[in-house]
Structure formats: structure tokens, C-alpha cells
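Coordinates in review
Chain by chain, the residues:
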Number of protein chains: 2
Amino acid sequence: MRKKTAHSDKPKGLHRRDMLKAAGIAAGSVLFSQMTVTESKASTLKSDYWDREFDVIVAGSGFAGCAAAIAARREGASTLVIEKMPVFGGNSAINGGAMAVAGSPLQKEKGIEDSVELMMADMLKGGRGTNHVDLLRVVCAGTAEAFEMTKEFGVKWKDVLLQFGGHSVQRTCQTVNFTGGDITIPLMEGGIKLGAIYKNRCKLEKILTDDSGVITGVLVRENYDFPNEESGVLRRYKINRGFVACTGGFGNDIPFRMMQNPTLDDTVGCTNHSGATSESFHALLAVNAAPVNTASFQLGPWASPDESGFGYAPQFNQQAAFPYGIMVDIRDGKRFVNENADRKTRADAQLKHCKDETGKIYYPVAFCSEPGTVKSPTVKYALKEGVAWKFDSLEELAAHFGIPLEPLKAQVKRFKSFVAKGKDEEFGKPIFDFDRSMYLDKPPYYAMRAWPKVHFCQGGVNINTKAEVIHMQSRQAIPKLFAAGEITGGTHGESRLGSCAIAETLVMGTIAGKNAALNKARSRKGE
Amino acid sequence: MRKKTAHSDKPKGLHRRDMLKAAGIAAGSVLFSQMTVTESKASTLKSDYWDREFDVIVAGSGFAGCAAAIAARREGASTLVIEKMPVFGGNSAINGGAMAVAGSPLQKEKGIEDSVELMMADMLKGGRGTNHVDLLRVVCAGTAEAFEMTKEFGVKWKDVLLQFGGHSVQRTCQTVNFTGGDITIPLMEGGIKLGAIYKNRCKLEKILTDDSGVITGVLVRENYDFPNEESGVLRRYKINRGFVACTGGFGNDIPFRMMQNPTLDDTVGCTNHSGATSESFHALLAVNAAPVNTASFQLGPWASPDESGFGYAPQFNQQAAFPYGIMVDIRDGKRFVNENADRKTRADAQLKHCKDETGKIYYPVAFCSEPGTVKSPTVKYALKEGVAWKFDSLEELAAHFGIPLEPLKAQVKRFKSFVAKGKDEEFGKPIFDFDRSMYLDKPPYYAMRAWPKVHFCQGGVNINTKAEVIHMQSRQAIPKLFAAGEITGGTHGESRLGSCAIAETLVMGTIAGKNAALNKARSRKGE
């Protein structure tokens with residue numbers, strides 16, 4: 001049996017040439033194979049044999065995982081990122097690329113007053129006061145630096161600021177292509193340039209411990225073919241400093257979701273990628289991580305029943321129809337909620353108002369005038385796919401969705417009067433002076449149907465502000481175990497505000513990766 | 001090392017004489033020592049040594065544990081019940097002794113139409129539709145039989161039926177002394193007569209498994225002195241057929257509660273006994289049990305800020321002031337909720353209406369006329385302890401609590417008019433014709449302040465209808481592992497209705513004990 005030795009500065013056998021080559025993302029697993037010691041025979045899986053060895057292993061290649069890998073490499077730890085899916089990036093890569101930043105350069109430029117405290121207050125209100133305030137403070141306080149970090153690695157941001165539901169000021173920055181991939185790709189490339197190894201189709205099976213319960217490494221399934229649990233081969237990777245779980249949520253794990261809340265069955269849509277399942281949460285509980293708020297699934301109120309997954313609707317509704325137009329009940333043509341309230345308020349309102357006693361759903365319709373769609377360029381694809389519709393008159397729109405015309409006209413008139421006054425007297429939605437021309441006014445109208453889909457897990461494992469995972473019984477940090485992002489619980493309380501996921505994952509991922517890397521270094525110094 | 005052999009019919013060395021002797025509850029642990037093989041040397045805690053051996057071990061001696069022990073003994077399994085506290089009975093013993101039964105003899109006698117379906121519908125409504133319907137059906141369908149079982153063991157029930165909040169008919173039976181001890185004591189005595197062993201101060205430390213993960217026994221701490229985790233000695237008990245976790249909830253585990261919801265800190269009261277902590281939940285997760293709805297704590301809206309723990313208020317408010325009187329905001333003298341709504345509705349209303357923007361609490365006051373207190377005989381103790389007050393006029397009552405008098409008088413007049421009409425036109429509380437003389441009418445008035453306390457955990461581990469604990473990853477039953485009662489999650493969804501805990505625990509405890517006992521018997525037959 002051959003055993004690889006520890007390498008604390010850069011992965012052994014990885015030369016500068018390889019690092020440059022690694023800038024192409026697809027090269028991740030090629031690179032990994034280059035550093036493989038020949039081993040045609042199967043791993044014995046005995047506890048004294050290790051197939052590989054790293055200072056830090058990060059599971060998951062979304063925002064948190066990418067940030068953790070960069071931070072760990074910057075501290076000189078040999079770093080491996082494992083991703084169970086064939087594609088890197090997880091849910092982050094299909095996210096909308098919107099990040100809340102308290103005190104961004106753009107806010108200063110536009111004279112928008114914001115602060116860590118104000119962002120915390122907004123998130124606490126959204127979370128119904130049940131957020132872990134210590135985590136919240138670290139996240140909000142870290143957003144400006146995390147935002148700068150993304151720019152350092154080449155992430156391109158638009159020159160606009162958005163005000164997502166529940167935020168009291170415009171603080172949301174937006175990537176150029178309206179996708180989280182605008183962030184995960186540069187960060188992954190940056191991590192690889194720094195010497196991190198990315199390996200796809202490599203699933204965390206189990207966190208391994210010695211007889212005294214201390215984490216020694218991970219059991220993984222290489223060449224994993226999701227969701228075939230028999231595919232690939234088992235390998236044992238040794239971990240010298242820390243394991244960082246950045247494995248995301250479990251919103252698409254329908255049986256687990258239904259254990260928590262049986263109404264979230266397979267008839268309820270989900271914006272997550274298919275790999276958003278719960279086995280890594282289980283792996284963490286198995287090493288005594290404390291579970292937090294397991295049943296707290298966020299429903300995204302801006303999804304569409306006319307497409308599967310995340311789709312086009314969230315961008316259109318969040319950046320066009322909800323802020324600049326209105327959403328109405330098709331039975332009476334009336335609004336029923338502040339379309340820019342926090343997600344939970346809106347989803348609860350949809351579920352309450354647009355279902356009759358028999359459970360029959362009347363999907364509400366959200367629409368705006370053409371100028372309102374300027375921040376939602378993907379609406380053109382939505383029109384093509386039959387998810388959005390364009391109408392030359394309110395009469396056409398009403399007829400298409402079966403909305404009574406006169407009440408609808410009256411509602412539009414009312415909303416226009418609110419825009420003119422600068423004050424929404426029905427539901428208190430913010431009306432922006434500088435955006436006045438974008439509000440619902442005249443045809444053509446763009447419309448989508450809006451209905452909640454499972455979007456985010458507020459629950460997960462308990463961590464402290466160092467991103468250390470907390471032991472369920474001792475309530476102390478579990479040595480060598482870190483976590484960041486959606487797999488953790490507490491930061492968002494009962495309901496996360498939009499654009500706070502990128503904020504959280506980049507801040508906490510960086511902290512987790514750094515602390516994991518420093519963990520062994522510290523103990524080496526005998527600290 | 002001496003090792004005890006398996007004994008499938010009755011505990012070895014336990015003779016009929018001992019069984020009769022065991023009828024006295026305090027004898028439980030004496031009895032246990034009688035069957036002890038001499039062992040002055042400490043247990044080695046090696047995996048091939050067992051201090052004792054039983055077919056079935058039940059952890060927890062509340063309703064579920066007592067029912068499980070009876071059921072296991074009836075199937076001929078040697079049965080040990082371990083209880084970590086010095087006192088047997090857990091929260092059950094300090095519960096109010098009220099049990100919802102669908103189709104009780106008393107309902108038939110009084111001509112009250114009820115059914116399993118109606119009880120399920122009420123519980124589903126209370127649970128906001130998120131109950132595990134399969135478990136709910138088993139519980140509701142089993143109540144009539146469980147009720148008969150209690151009578152068989154000598155439990156004495158009053159000749160009255162109550163209608164607790166959220167129940168659409170009068171279906172709640174009440175023990176003679178208004179305490180769960182009226183049930184746990186006879187059931188424990190009955191179990192001991194049948195040959196079950198009860199051992200107190202014996203804490204579950206860990207569920208033990210062999211190399212393949214199959215449960216082999218439990219590690220316990222004998223002579224445990226709660227909450228001193230260093231007290232007593234560790235012992236290994238072998239389990240042949242099944243382990244049944246009836247360990248209750250974790251409502252009094254403040255650090256764990258705060259992980260789930262930081263607002264539930266130590267300033268929030270709790271009706272539970274001090275041993276209602278989370279270590280058994282952890283022990284179950286450690287053998288791969290799936291967690292359900294960990295953050296779902298029920299707040300009891302009928303508790304009083306003027307006493308600690310469960311106290312006198314719940315009986316008074318549930319059986320006197322809430323059904324027959326009114327609860328008012330002291331700032332305006334007005335009602336703000338149907339005092340007989342389900343618990344969540346009422347507690348949410350109290351927290352929403354009776355706090356100002358700074359968080360200052362204005363405890364609402366619940367009161368009724370003297371005839372209304374007939375079902376709450378403990379009010380006399382509450383008066384003595386300064387938890388309740390008696391007033392000879394509304395003027396006195398208003399002055400004592402600082403309630404504006406005229407609005408209060410108007411509110412009382414309004415409510416009296418609803419009673420006269422037989423219809424609560426403000427909040428829709430049921431007005432019972434046959435109880436008409438008990439409603440709020442004239443002085444003297446009895447009053448308490450009402451404020452929510454943490455009362456019950458809807459969350460816990462996932463089980464199926466056989467009370468088998470479900471594996472988090474495989475979603476199959478974990479061999480030899482059963483659970484019942486508050487340690488399980490799902491039956492009650494987001495909010496449990498009052499008097500449904502005894503119903504659930506007796507039904508599911510019986511199923512768990514029986515199936516645990518039959519488990520090995522089945523496998524012996526090669527099934």
C-alpha cells in the first residue's frame with residue numbers, strides 16, 4: 001500500500017504549469033487524476049489506509065465552497081473541493097446573481113444610506129426575530145469585504161442597485177448576466193489558480209472519526225453518477241486540518257421534506273437543482289452536529305407554475321412585475337399583498353388568498369408595463385417558452401387569464417394614482433422617484449403567473465461565528481468540523497430575505513475555509 | 001465475568017411473590033436490585049460484556065413508557081423501564097389528566113356525535129395541515145381502546161366531558177384529580193404487576209450497536225443524580241428484541257431551544273419538569289434517526305406569569321375563564337381572540353396584541369364568574385398562592401389590573417349578550433346550552449393573568465405507524481428501534497390540540513411496546 005504524504009503549501013505534484021492549465025473549470029477533475037498515485041487495485045477501506053491526504057477538504061462547489069477554497073489556499077493549506085454532481089456550482093450556479101451588500105461603493109455613489117445595523121434589522125424582521133443574531137452580525141458586517149473579494153477575482157457587477165422584498169433600502173447588487181454562475185465560475189477559477197483542486201462526481205459518504213471521535217477524514221464515492229448510490233468506488237481521504245461542509249440545502253429531497261412537512265409533497269415545485277438532497281446533513285448529524293429548524297423551508301413567491309425549476313419567472317417577478325407592476329387575484333382583479341414584502345409574507349398571502357376551500361388554486365397574475373421590464377432581460381426567453389405573455393391592452397390581459405375587466409381596470413387606476421402620489425396606500429410598497437418612468441402605466445403589458453416553490457432551507461446544522469459546527473450535546477465546537485451556507489441554520493431565522501444568500505455564503509464560506517486552514521497550523525504551534 | 005442469560009417470558013429470578021410485592025411503585029428499584037447478580041467491581045464497558053439483559057428496554061416512565069411496558073409484558077417480553085429522574089412519570093405526572101377520546105362511552109351517553117374522522121380533522125386544522133396523517137389516523141382510531149385500557153388498570157375518570165380549544169365537540173375526558181398522575185401511577189403499578197421492572201435514576205447515555213450498526217443494547221448511567229453528568233456508574237444493558245424511546249420532549253433544554261429559536265431564552269417560562277432535555281433526542285440521532293420539525297415548540301396560552309412551571313393557571317384558564325369567561329387586553333378592556341381557539345392561535349394572539357413596540361408586555365387578564373370555576377377546583381390554591389384573585393365587582397377587578405372600567409363593562413355586556421343569543425359574534429367561541437349557567441354573569445369574579453410558556457415539542461424523531469423509528473437516509477425502519485410520545489414528531493403538525501397528548505402517548509406507547517416485544521419473537525420464527 002502506498003500512502004501519500006501531507007503537503008501544506010500546495011498539492012504535491014501540482015506544478016505552476018498545471019495551475020495555469022487549471023484555470024479552465026472542466027479541467028478540475030483531470031487535474032485531480034494527474035496527482036493520483038497509481039492505484040488500480042481497489043481501496044481496502046481499512047482505517048489505517050488513506051487514498052489521499054489534504055489539509056482541508058471542502059464539500060460542495062457553490063458560493064460557500066468556492067469562497068472556502070480560496071480562503072484555505074490563502075492560508076497555505078492543501079485544499080480539495082469535492083462536488084457530487086457532474087456540474088460544479090450547485091444551486092449557486094443557477095441562482096439569480098443578486099447580492100445584498102451593506103455599504104457598497106454603489107450605495108455611496110448613489111447617496112443611499114445603509115449600515116450593518118440596518119441590514120441586520122431588515123433580516124431580523126424577515127426572520128420574524130428568530131435569527132441567530134451573532135451570525136447575522138458577522139454576515140452583514142462581512143458583505144462589503146466579500147463583495148470586494150468577488151471583484152478581485154473578476155466577478156462583473158452591473159451598475160444598478162435593486163431593492164428586494166423586505167429590504168428597507170436599495171442594497172442589492174446584480175451580476176452582469178443575472179446568474180450566480182457569474183460568481184461561481186470566476187471564484188472557482190481563482191481558487192484553482194491559487195492551487196485548490198476541484199473534483200466533481202465525488203460524493204461525501206461519511207465523515208470518518210477515530211476511536212475517540214475526532215475527525216480523521218472522509219469516505220467518498222469517486223466517479224459517482226447521481227443519483228445511483230451503487231455507482232463509482234469508495235475512497236478514504238485523510239484530512240489534516242479541517243473538513244468544511246458547504247453542501248447546500250435539501251429543498252429537493254422530497255421524502256425528507258415531507259417528513260418535516262407532509263404538504264410539501266411532489267406536487268409542490270422546487271427551484272433547486274436535483275442534487276439538493278439531505279445526505280450531507282445526515283453525515284453531519286452522524287458526527288453529533290446539532291440540527292436547527294429542520295422544517296423551515298422557504299417558498300419563493302415569485303416562481304411560476306408554468307415552468308419547472310427556477311426558470312425565468314423569479315427574475316421577471318422580482319425585478320419587473322413585483323416592484324413596478326402589480327399582482328392580482330384572477331377572481332376579483334385585486335391586489336392582496338405588498339408585492340415587495342419579504343418572501344414569507346408574500347408566499348403565505350398567495351397560499352391563503354388564491355386557493356378556495358376545496359384546495360383549488362387560482363394562480364395570481366403579476367404584470368407591468370414595458371419600461372418596467374428593463375431589469376429583466378430574460379423576459380424575451382420567457383415569452384418564447386410560453387411562461388410569459390405580452391398584451392396590447394388590459395382587455396386582452398383580462399380575457400386571457402379570465403380576470404373580471406372592470407375591477408382590474410379600477411385596480412390599475414388605483415395603483416397608478418399611488419405611483420403619482422409616491423405612496424402605495426393599499427399595501428405600502430415603496431415607490432421610487434428615480435424609477436418613476438418604469439411603473440405600470442400603459443400597454444404593452446408583460447405578465448406571468450406567480451406561485452410559490454420550495455426555494456431555500458433556513459434550517460441546517462448549528463455553527464458559531466467561526467463557522468465551527470456545534471456538538472449537539474456538549475454545545476462546544478466539534479474539532480476539525482466547519483460549515484457554511486445553506487447547510488447551516490440560524491442566520492435567516494424563519495425566513496431569508498432575497499439576495500442575502502450570496503451575502504451569507506461568501507462571508508461564512510471565507511471564514512470557514514480560513515479557520516479550517518488555520519486549525520492545524522494552530523495546533524502545530526501548540527496553541 | 002458473569003453474564004445473565006436471556007429470558008423471554010418473565011425476568012429471571014423474579015417470582016410471583018416479587019411481582020405482587022412490586023405493586024408498590026417505590027419498590028421498582030428495590031426490585032431491580034433483588035435481581036442483580038452480585039457485582040461489586042465496576043463494569044468493564046467492553047463490548048462483549050453486559051451488566052444485564054432484557055428483551056425490551058423502555059426509556060422514560062411517562063404515559064408512553066407505562067403503556068409500552070404493559071404492552072411488552074403482555075407479549076411475554078422481559079421488560080425494563082429506565083427513568084433518569086428520581087421521580088417516575090416525567091411530564092406526564094404533572095400534566096392535567098385530560099384525554100381526548102373519539103367515541104367514548106360518555107359521548108354516547110350524552111348523545112355527542114364524534115368520529116375518528118372528526119377528531120383527525122380538528123387535529124389537522126390545529127396542526128395547520130402539516131400533521132403526518134397516517135400517524136394521526138392511528139392515534140385517533142386508537143383512543144377509545146386506550147381509554148378502556150386505562151380503566152382496566154384502575155384509572156378513575158370524572159363523569160364530565162370537556163371541549164378544549166380547537167376541538168369541534170366535547171370529547172375530552174378528565175381524571176378525578178385533574179392530574180396525569182391519576183394515569184401514570186395505576187399504569188405503572190399495573191405494569192409492575194405484569195412483571196415489568198422500573199428503575200429510576202438510570203439515564204440513557206447511548207444506544208449501542210455492533211459493527212454492522214444493529215442495536216445491541218444501551219449504555220446507561222445508574223444512580224444518576226440529575227443533572228450531574230459525572231454522578232453514578234456506567235452500565236451496559238443488552239437488548240434482545242427492541243429499545244423503546246419514550247423519553248418525552250426537550251422544552252426545558254434552554255440552550256437547545258435557543259439553537260432552534262433564540263427568542264425562547266430563559267426569560268420565557270416553561271411548564272415542563274426540569275428533566276425535559278434533549279440528550280435522548282441526540283442519542284436517537286446518533287443511531288441515524290431522522291429529525292422532524294426541531295423548532296416547533298408549542299406555547300401554552302393558558303399559563304401564568306405569576307407562578308413558575310405548569311402551576312394552577314392552565315386548569316383555571318382552560319376549564320373556567322377561557323370557556324366561560326373572557327380574556328382582555330388590560331390597555332383597552334377588549335377581547336382579542338377566541339379564548340377557545342387552538343393553542344397556537346391564542347398564544348400568537350397574546351404575543352402579538354399584548355406587547356408594545358418596545359417589547360413591553362401587558363399581560364392580559366382572564367376572568368369568569370363563580371359558577372364557571374366549578375370545573376377548576378384548584379383555583380382555591382391559586383388564590384392562596386397569589387396567582388388568582390377574587391373580586392366582588394368589575395370596578396375592583398378593573399382597578400386591580402389597571403383596566404379602563406367603561407370599556408371593560410361594555411365588553412362584559414357584549415359577551416353576556418352573546419351568551420344570551422348562544423352565539424359569540426366577536427370571535428366565534430362555542431356557547432354551550434347545557435352549561436349556560438356557568439358563563440360570565442355577575443360577581444364574584446375570579447381572575448388570573450395569562451401568558452404563554454413553552455409547553456410541548458411537536459418535533460422529534462420520525463416514526464411510522466408501527467412506532468418504528470425511521471432511518472434518516474434509507475427511510476426504512478431502524479431494526480430494534482421504537483419510539484412513542486413527545487420524543488416523536490409529526491403527529492401534531494405545527495400545533496398540538498389540548499388533551500391530545502395523552503391520546504397519542506397511550507396509543508403509540510402501546511403499539512411501540514407490543515411491536516418491540518414481538519420483534520425478536522418474529523425473527524425467531526424466521527419471519
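Residues numbered from 1 in each chain as written. Chains lettered and ligands numbered in written order. Predicted model: local features only at pLDDT ≥ 70, side-chain atom pairs only at ≥ 80, totals over all residues.

When helices and strands are tallied, chain A shows 16 helices and 19 strands. Taken across its 527 residues, chain A has 57% of its residues classed as buried. Within chain A, contacts between residues separated by at least 24 positions form 76% of all contacts whose residues are at least 6 apart in sequence. (Helix = DSSP H or I, 4+ residues; strand = E, 2+ residues; numbered from the N terminus. Buried ≥ 20, exposed ≤ 12 C-beta atoms within 10 Å, placed from the backbone. Contact = placed C-beta atoms within 7 Å.)

Residue and element names in this part refer to chain A. What the domain assignment reports for chain A is domain 1 (1-37 + 47-91 + 182-298 + 458-527), domain 2 (93-181) and domain 3 (302-451). Residue-level contacts link 32 residues of domain 1 with 41 residues of domain 2. Looking at the side of domain 1 that touches domain 2, the elements that each hand over two or more residues are helix 4 (90-93), helix 8 (181-193) and helix 16 (500-524). No other element matches the nine residues that helix 16 contributes to the side of domain 1 that touches domain 2. (Domains from an automatic or database assignment.)

Of the residues lining the interface, 26 residues belong to chain B; the matching set on chain A comes to 26 residues. Mapped by element, the contributors of at least two residues to the side of chain B that touches chain A are helix 9 (254-260), helix 10 (279-286) and strand 10 (291-292) of chain B. In terms of residue count, helix 10 of chain B provides more of the side of chain B that touches chain A than any other element does, four residues in total. Taken together, the residues of the side of chain B that touches chain A sort by class into 11 nonpolar, 13 polar and two charged. (Nonpolar A, V, L, I, M, F, W, Y, C, P; charged D, E, K, R; others polar.)

With that settled, consider the environment of Tyr324 of chain A. Residues and elements named next belong to chain A. By the secondary structure assignment, Tyr324 is in helix 11 (residues 313-324). Residue class for Tyr324 comes out buried when judged on the 29 C-beta atoms lying within 10 Å of it. Sequence separation of Tyr324 and Ile431 is 107 residues, and the distance between their C-alpha atoms is 8.2 Å. When sequence neighbours within four positions are dropped, the list of residues in contact with Tyr324 reads Cys368, Gly372, Met438, Tyr439 and Leu440.

Let's shift gears to the relation of the copies chain B and chain A. Taken as rigid bodies, chain B and chain A are interconverted by a rotation of 180 degrees and an axial shift of 0.0 Å, the fit giving an RMSD of 0.0 Å. Such values leave the two copies arranged in the relation of a two-fold axis. Looking at the interface residues of chain B, 100% of them are also at the interface in chain A, so both copies use one shared face. (Least-squares fit on C-alpha atoms with pLDDT ≥ 70 in both.)

Our focus in this paragraph is the packing of helix 14 (residues 394-401) of chain A against helix 15 (residues 405-421) of chain A. All names here are of chain A. Relative to each other, helix 14 and helix 15 sit at 130 degrees, their axes nearing to 10 Å. When the axes of helix 14 and helix 15 are compared, the pair comes out oblique. In the packing of helix 14 onto helix 15, the handedness of the crossing is right-handed. Each of Leu394, Glu395 and Ala398 in helix 14 lies in contact with helix 15, whose residues at this interface are Leu405, Leu408, Lys409 and Val412. (Axes fitted to C-alpha atoms, helices over the stretch in contact; angles between N-to-C directions. Parallel < 35°, antiparallel > 145°, perpendicular 65-115°, else oblique. Left-handed = near helix turned anticlockwise from the far one by under 90°.)

Adjacent strands of a sheet form backbone hydrogen bonds with each other and so pair up, either parallel or antiparallel. All names here are of chain A. Taken in spatial order, the three strands make up an open sheet running 3-5-4, and their pairing is antiparallel. Of all strands in the sheet, those bounded by a partner on one side alone are strand 3 (98-100) and strand 4 (157-162). When the angles between neighbouring strand axes are averaged without regard to direction, this sheet yields 30 degrees. Strand direction decides the pairing type here: strand 4 and strand 5 (residues 172-175), joined by three bridges, are antiparallel. (Pairing = 2+ DSSP bridges.)

Moving on, we get to helix 11 (residues 313-324) of chain B. Of all 12 residues that make up helix 11 of chain B, 12 are buried, and the element is covered over most of its length. Taken together, the buried positions of helix 11 of chain B are Ala313, Pro314, Gln315, Phe316, Asn317, Gln318, Gln319, Ala320, Ala321, Phe322, Pro323 and Tyr324 of chain B.

Residues and elements named next belong to chain B. Strands sit in the order 12-13-15-14 across an open sheet of four strands; the sheet is antiparallel. Every interior strand has two partners, whereas the edge strands, strand 12 (326-328) and strand 14 (388-391), have only one. With strand direction ignored, the average angle separating the axes of adjacent strands in the sheet is 25 degrees. The strands that helix 11 touches are strand 12, strand 13 (365-369), strand 14 and strand 15 (445-449); relative to strand 13, the one it contacts most, it runs at about 65 degrees.

Residue and element names in this part refer to chain B. Note on placement: Ile478 falls in strand 19 (residues 477-483). Separated by 406 residues in sequence, Ile478 and Ala72 place their C-alpha atoms 19 Å apart. Among residues more than four places away in sequence, those in contact with Ile478 are Val287, Asn288, Ala289, Val469 and His471.

Moving on to the environment of Arg241 of chain A. Within the element layout of this structure, Arg241 of chain A appears in strand 9 (residues 233-245). Along the sequence, Arg241 of chain A and Asp211 of chain A sit 30 residues apart, while their C-alpha atoms lie 18 Å from each other.

Let us now look at helix 10 of chain B. All names here are of chain B. By the criterion of burial, helix 10 is predominantly enclosed, with seven of the eight residues buried. When helix 10 is considered as a whole, its buried residues turn out to be Glu279, Ser280, Phe281, His282, Ala283, Leu284 and Leu285. Just downstream of helix 10 lies Asn288, where phi reads positive at about 80 degrees.

Attention shifts here to the nonpolar core. Generally speaking, soluble globular proteins have nonpolar side chains that are buried together. Within the largest apolar cluster, 206 residues are counted, with the highest numbers of intra-cluster contacts made by Val244 and Ala483 of chain A together with Val244 and Ala483 of chain B. In contact with Val244 of chain B, not counting residues within four places along its chain, are Val56, Val58, Ala68, Phe482, Ala483, Ala484, Ala512, Gly513 and Ala516 of chain B. (Core = buried A, V, L, I, M, F, W, Y, C linked by C-beta atoms within 7 Å.)

Now for the pairing of strand 7 (residues 203-209) of chain A. Residue and element names in this part refer to chain A. Here strand 7 pairs with strand 8 (residues 215-222) via six bridges, running antiparallel. When the bridges of strand 8 are listed, Lys203 appears paired with Arg221. The hairpin turn running from strand 7 into strand 8, its antiparallel successor, is five residues long, and Gly213 in that turn takes a positive phi close to 90 degrees.

Bringing unusual backbone geometry into the picture now. All names here are of chain A. In this structure, the amide linkage connecting Phe226 to the following residue, Pro227, adopts the cis form with an omega of -5 degrees. Looking at the secondary structure, you find Pro227 in the loop between strand 8 and strand 9. Here the bond from Pro443 into Pro444 is cis, since omega is 0 degrees, no more than 30 degrees from zero. In this fold, Pro444 is placed in the loop between helix 15 and strand 15 (445-449).

Here we come to the packing of helix 3 (residues 63-74) of chain A against helix 8 of chain A. Residues and elements named next belong to chain A. Direction vectors running N to C along helix 3 and helix 8 enclose 25 degrees, while the axes themselves pass 9 Å from each other. Of the possible angle classes, the one that applies to helix 3 and helix 8 is roughly parallel. Considering the relative orientation of helix 3 and helix 8, their crossing is left-handed. The residues of helix 8 that touch helix 3, namely those facing Phe63, Cys66, Ala67, Ala69, Ile70 and Arg73, are Ile183, Thr184, Leu187, Met188, Gly190 and Gly191. For the contact of helix 3 with helix 8, the per-class residue count stands at eight nonpolar, three polar and one charged.

Two faces, one strand: in a regular strand the side chains alternate between the faces of the sheet. Residues and elements named next belong to chain A. In terms of residue burial, strand 15 counts as a mostly covered element, since five of its five residues are buried. Across five bridges, the pairing between strand 13 (residues 365-369) and strand 15 is antiparallel. When the sheet's bridge partners are listed, Cys368 is paired in strand 15 with Tyr446. Pairing analysis gives four bridges linking strand 14 (residues 388-391) to strand 15, with the strands arranged antiparallel. In the strand pairing of strand 15, Phe391 is matched with Tyr445.

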